[in-house]
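Architecture and fold: a report
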Amino acid sequence: MSVMTVVGGQWGDEGKGKIVDLLAEKANMVVRFSGGDNAGHTVINPYGEFRLHLIPSGIFYPQVTCIIGNGVAINPEVLLGEIDVLHQHGVSTDRLFISDRAHLIMPYHTLLDGLEEEGRSERALGTTRKGIGPVFADKAARLGIRVGDLLNPETFRRRLEAALAFKNTILTRVYELPPLSLDDTLAQYLRYGEQLAPRIKDTVSTIREAVDRGDSVLLEGAQGALLDPDFGTYPFVTSSSPLAGASCVGAGLGPREIDHVMGVFKAYNTRVGAGPMPTELDDETGNLIREKAGEYGATTGRPRRCGWFDAVAGRFSVQINGLSEIALTHLDIYDGFPSIMICTAYKFQEEVLTSFPGDPATLEKCSPIYEEVAGWEEPINEIQDYESLPAEARDYMSRLESLLSCPVSLVSVGPDRKQIIPIEAVGRCC
Ligand code: GDP
Ligand code: IMO
Ligand code: MG
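To keep things clear, this report deals only with the structure shown in the data block. Sequence positions are assigned chain by chain, starting from 1 and proceeding in written order. Working convention: letters from A go to chains and numbers from 1 go to ligands, in the order in which they are written. The predicted origin of the model limits local features to residues at a pLDDT of at least 70 and limits the giving and counting of side-chain atom pairs to 80 or more, whereas totals for whole chains, interfaces and linings rest on all residues. Each side-chain value is worked out from all heavy atoms of the structure, with water and hydrogens disregarded.

**Regarding the coordination of the magnesium ion (ligand 3)**
Where we set the bar: Only N, O and S atoms count as donors, using a 2.8 Å cut-off from the metal and 3.2 Å for Na, K and Ca, and because water is excluded some sites may appear unfinished. Counting from the N terminus, the helices are the DSSP runs of H or I reaching at least four residues and the strands are the DSSP runs of E reaching at least two. Under the scheme applied here, a residue whose accessible area is under 20% of the maximum for its type counts as buried, over 50% as exposed, and between as partly exposed, the area being computed with a 1.4 Å probe on protein chains only.
The magnesium ion (ligand 3) binds to the protein through D13 (OD) and G40 (O); the donor distances cover 2.0 to 2.2 Å. One end of the pair, D13, is in the loop between strand 1 (3-8) and helix 1 (16-23); the other, G40, is in the loop between strand 2 (29-32) and strand 3 (41-45), and 27 residues separate them in sequence. The class of G40 is buried, set by a relative accessible area of 10%.

**Quick notes on the nonpolar core**
Stated precisely, the cut-off is as follows: As used in this record, nonpolar core signifies buried Ala, Val, Leu, Ile, Met, Phe, Trp, Tyr and Cys residues forming a set joined through side-chain atoms within 4.5 Å. What fixes the domain bounds is an automatic or database domain assignment. Residue contacts are counted whenever heavy atoms from the two residues lie within 4.5 Å of one another.
L219, I326, L328, L331, Y334, Y396 and M397 are the most contacted members of the largest nonpolar core, which totals 56 residues. The element best represented in this core is helix 12 (residues 391-404), accounting for six residues. Two domains each put at least three residues into this core: domain 1 (2-98 + 200-260) and domain 3 (265-422). Among all residues touching Y396, those that are not within four sequence positions of it are A267, F309, L331, Y334, I340, I342, V373 and W376. With 55 residues, the next largest nonpolar core counts V20, V72, L86 and L160 among its residues.

**Some words on the sheet that holds strand 19 (residues 408-412)**
Cut-off, in case you're wondering: Whether two strands pair depends on DSSP finding at least two bridges between them. Orientation is described by axes fitted as lines to C-alpha atoms, over the contacting stretch for helices, and by angles from 0 to 180 degrees between their N-to-C directions.
Here 10 strands make up an open sheet; going across it, the order is 9-7-5-2-10-1-11-15-19-20 and the pairing mixed. Looking at strand neighbours, the two that pair on one side only are strand 9 (200-201) and strand 20 (420-422), the edges of this open sheet. Bridge analysis of strand 2 against strand 5 (residues 65-68) gives four bridges, and the strand direction is parallel. What sits directly across from V30, in strand 5, is C66. Each of strand 1, strand 2, strand 5, strand 7 (96-99), strand 9 and strand 10 (217-220) touches helix 7 (residues 203-213); the most contacted strand, strand 2, lies at about 140° to it.

**Looking at the site of ligand 2**
This is how the line gets drawn: A molecule or strand has a residue near it when one of that residue's heavy atoms lies within 4 Å. Pairs of N or O atoms within 3.5 Å make up the polar contacts considered here, provided that, within protein, one atom can donate a hydrogen while the other can accept it, and that residues adjacent in sequence are counted only when both atoms are side-chain atoms. Using a 1.4 Å probe, the Shrake-Rupley method yields the accessible areas, and only the shown protein chains count as cover for residues. Residues are grouped as follows: Ala, Val, Leu, Ile, Met, Phe, Trp, Tyr, Cys and Pro are nonpolar; Asp, Glu, Lys and Arg are charged; all remaining types, including Gly, are polar.
Lining the immediate surroundings of ligand 2 are 21 residues, of which D13, K16, H41, T128 and T238 lie closest. Separating an oxygen atom of ligand 2 from a backbone N or O atom of D13 is a distance of 2.8 Å. Between Q223 and ligand 2, the recorded distance is 2.8 Å, taken from a backbone N or O atom to an oxygen atom. Protein coverage of the free-state accessible area of ligand 2, which is 550 Å², stands at 98%. Class assignment of the residues belonging to the shell around ligand 2 gives a composition of eight nonpolar, 10 polar and three charged.

**Considerations on the pairing of strand 4 (residues 48-52)**
Sheet topology note: the strand 3/strand 4 ladder contains five bridges and is antiparallel. Residue H41 lies in a different strand from strand 4, and its bridge partner there is L52.

**Digging into the packing of aromatic side chains**
The geometry of two aromatic rings is summed up by the distance between their centres and the angle between their planes. As a reminder of what qualifies: Stacked, tilted and edge-to-face are the three classes assigned to paired rings of Phe, Tyr and Trp, where Trp is represented by its six-membered ring and a pair needs centres within 6.5 Å; plane angles under 30 degrees give stacked, over 60 edge-to-face, the rest tilted.
Under the counting rule described, the total for this entry stands at 12 aromatic pairs. Ring plane angle 45° and centroid distance 4.8 Å describe the contact between F50 and F60, whose orientation is recorded as tilted. In this pair, F50 sits in strand 4 while F60 sits in the loop between strand 4 and strand 5, placing the two residues 10 residues apart along the sequence. Here the two residues F50 and F60 agree in accessibility, since each one is buried. Summarising the aromatic geometry, the rings of Y189 and Y192 are spaced 5.1 Å apart at their centres and angled 80° between planes, so their arrangement reads as edge-to-face.

Dropping the structure here:
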């Protein structure tokens, strides 16, 4: 039994929900450790098709305790809606708990996220407008309100008063909007608090006990490495760290307690929102990938930008996450492609770059240097074992493994839980 962190290796939407839903079959606990309802994790299993924004993707198994950790920002209305949807599909949420230390997304966070985006006009970041930037800014500025505060109406009122004094000044003076009402917001949130109260607890000790018992614990990431505020394409990033390192902080564990770190990567690249993406294909091939894979955001419905696999960015992601293995998804989308490109380096002015630049202005000017590999004809979405994959598909995976210096241990060949091929990772590469 062990602790495994599962993170997005690219710009999000790699298929983390599907992979965690699969791995959770053998787990005792799944903990979401970062982000908020900007995440949209698609899970397709015998209960139906779900887009989970806050609830861990292990919720479908009765033996799994699901925890929304302290590192997550929670919009209680979204959470309660998600719980309802699960109940409508006969999924129990009796074992869902929420950290008392998680921050709350308040109405002014979502409002300001939208207003700030509009203020940026053509420099807009393309945020999901779920209040993520503003809530994590307040957390750092020590103006946040936490889930635990819902249990104490007096504390909650005091904290809300302090926050509204500041937020209403901005809303009225900067944006010339009416102020938010203290009493209405208080009443609304205390109602949420009553509904959520049985689930709110000190989850750090719950997770601690599971680890000490030797339980199998999965730490589920949101977003992807290239959206990290430090290492991503700043400022075109999200506002909490999606990296494996953040799984310790966002759950309350130490680095020595993580045994495996799995990075989920698509067989190609996608990005939703603004910012540089060197391998973006603004052509027929990009459209083909988007339409074939249904590359439209699970949270906002926006079309995702699609392009060839970027191994420069991928290698960087392996390094900053310390990945021990990769789950490669969407390999089926390349069925019928006569050849496939992999970006192995960037051309920047007269230079060849083999490492991911820290400055997005440099990245913006990088053009990809491609290696062409053979594609395959036959559909692979029914294949269940590695040996039955076309040789070209296996070669493609092997090439990615050696470019990224990390072994692939799972290959996903379709959206359903069953469309997965486990691979004996040890000794095949690197
Ligand atoms: P997440 O945010 O990382 O959980 O990913 P999303 O759910 O936002 O986006 C992944 C999309 O790809 C969803 O629509 C999944 O159902 C789908 N998907 C996941 N794995 C595969 C795969 O191997 N092949 C195909 N065709 N679709 C997949
Ligand atoms: P999952 O967990 C893909 C992107 C937004 C925008 C940037 C900042 O489903 O992989 P934010 O609302 O976080 O302030 O937006 O980050 N973004 C995601 N892109 N998948 C996600 O989550 C994302 N969460 C945020 O599109 O570019
Ligand atoms: Mg998603």
